[in-house]
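# A closer look at the structure
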Amino acid sequence: MSNAGIASDILGKKIFFLYPTAVVQNRVVSELTQQEFEVYIAKDKDTLRRVLRKYPDSVVFVDINEHMTEKEWDSWITEIMNAQETKGVSLGIVTANDDELVKRKYLMANKIPCGYTVLKSDLDKAVTHIMEVLKTVDAKGRRKYIRATTEHETNATVNLPLNGMFVNGQIKDISVVGVSCTLSGNPDIERNSLFKDIQVKLQSNLLKVEGIVIGSRMDGKEKIYVVLFTQRIDPDVRTRIRKYIQQNLQGKMDSELR
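To keep things clear, this report deals only with the structure shown in the data block. Predicted model only: the values in this text are computed from it and were never measured.

Definitions and limits used
Residues numbered from 1 in each chain as written. Predicted model: local features only at pLDDT ≥ 70, side-chain atom pairs only at ≥ 80, totals over all residues. Heavy atoms only, no water. Phe/Tyr/Trp six-rings, centres within 6.5 Å; stacked < 30°, edge-to-face > 60°. Helix = DSSP H or I, 4+ residues; strand = E, 2+ residues; numbered from the N terminus. Lys NZ or Arg CZ within 6 Å of the ring centre and 35° of its normal. Axes fitted to C-alpha atoms, helices over the stretch in contact; angles between N-to-C directions. Parallel < 35°, antiparallel > 145°, perpendicular 65-115°, else oblique. Contact = heavy atoms within 4.5 Å. Nonpolar A, V, L, I, M, F, W, Y, C, P; charged D, E, K, R; others polar. Pairing = 2+ DSSP bridges. Buried < 20%, exposed > 50% of the residue type's maximum accessible area, 1.4 Å probe, protein only. Polar contact = N/O pair within 3.5 Å; in protein donor to acceptor, adjacent residues only side chain to side chain. Expected span 1.5 Å × (residues − 1).

## Re the packing of aromatic side chains
Counted by the stated rule, this structure contains 5 aromatic pairs. Ring geometry for Tyr19 and Trp73: centres 6.0 Å apart, planes at 70°, overall edge-to-face. Of the two residues, Tyr19 is situated in the loop between strand E1 (15–18) and helix H2 (22–34) and Trp73 in helix H4 (residues 70–82); the sequence distance between them amounts to 54 residues. One aromatic cluster is present, formed by Tyr19, Trp73 and Trp76 through successive ring pairs. The ring of Tyr55 carries Lys14 above its face, with NZ or CZ at 4.9 Å from the centroid. Cation over ring: Lys140 sits above Phe37, and NZ or CZ is 4.8 Å from the ring centre.

## Description of the environment of Ile77
Among the secondary structure elements, Ile77 is positioned in helix H4. Taking the C-alpha atoms as reference points, Ile77 and Tyr225, separated by 148 residues in sequence, lie 46 Å from one another.

## Things to note about the packing of helix H3 (residues 45–54) against helix H7 (residues 235–257)
For the pair H3 and H7, the least separation of the axes is 9 Å and the interaxial angle reads 105°. Taken together, the axes of H3 and H7 are roughly perpendicular relative to one another. Every residue of H7 that contacts H3 at Thr47, Leu48, Arg50, Val51 and Lys54 is listed here: Met253, Glu256 and Leu257. Of the residues that constitute the contact of H3 with H7, the class distribution is 4 nonpolar, 1 polar and 3 charged.

## Digging into the sheet that holds strand E3 (residues 59–62)
The strand order across the open sheet built from 5 strands is E2-E1-E3-E4-E5, with neighbouring strands paired in parallel fashion. Edge positions in the sheet fall to strand E2 (39–42) and strand E5 (116–118), since each of these pairs with one other strand and no more. Taken over all neighbouring pairs, the strand axes of this sheet differ in orientation by 25° on average, direction set aside. Of the pairings in the sheet, the one linking strand E4 (residues 90–95) to E5 comprises 3 bridges and is parallel in character. Paired with Ile93 across the strands is Tyr116, a residue of E5.

## Topic: the side chain of Glu210
Along the chain, Glu210 falls in strand E11 (residues 205–219). Assessed through its relative accessible area of 11%, Glu210 is described here as buried. Side chain to side chain, Glu210 and Thr230 meet in a polar contact 2.8 Å long. In terms of polar contacts, Glu210 uses its side chain to reach the side chain of Arg232, at 2.6 Å. Not counting residues up to four positions away in its chain, the partners in contact with Glu210 are Leu194, Phe195, Lys196, Ile198, Leu228, Phe229, Thr230 and Arg232.

## Thoughts on H7
Compared with the 33 Å implied by 1.5 Å per residue over 23 residues, the 32 Å span of H7 between its first and last C-alpha is a close match. For H7, every residue scored as buried is listed here: Val237, Arg238, Ile241, Arg242, Tyr244, Ile245, Gln246, Asn248, Leu249, Gln250, Met253 and Leu257. Between the side-chain oxygen of the N-cap and the backbone nitrogen of Asp236 there are 2.7 Å, and the N-cap of H7 in question is Asp234.

Take a look at the structure:
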């Protein structure tokens, strides 16, 4: 197994939607994010192809109705599937084009591994089909939750109630199950201490969570605390955390796609 294959087996695969419609962005990408898939939007086929050389085990869904003619799409898809540096990419079609001959061509002649999903009025059915496809190609790997690293960002902070006051902190990384963070003054906190009113700020979102400090470690002069959220976290908070993580990861990927 290649290094990329080993990494995706552990961390999962990056999923790109190339030239997605507004419906795909607002419904499909959002739902996949909430199901803990690592999803990105790409708006340029050439920069995406360059990025795919770095992530050669990615999954890419294209809409053959967008930006290029069918013949141009045929050429692009064939090149991706045959080029040495991208032949490990798993391609699929997500489109409103329900032409049976076109569908048969991509499935039978081109043999695209991630299928041909037609977007109709029943979007839930289409999303379910895409998720089944992603499970088939083991898109999540052994990773259960998507995570964003935020240690160099000022818009991801935490306030933890300690001894009658709030201690300010900086989030290092976050997932829907917990955070690692630094706290001002490196306070001593016993392992398994429960905090019922933790304030997590992610950009303009102020979220309240309950968490348990399950451990800490020194990183230079800073102590990093690991906080595990309890099961009493509000479902809406989970939704907003996942949305923030997707936006955070998208912003970093956009830098690579420029």
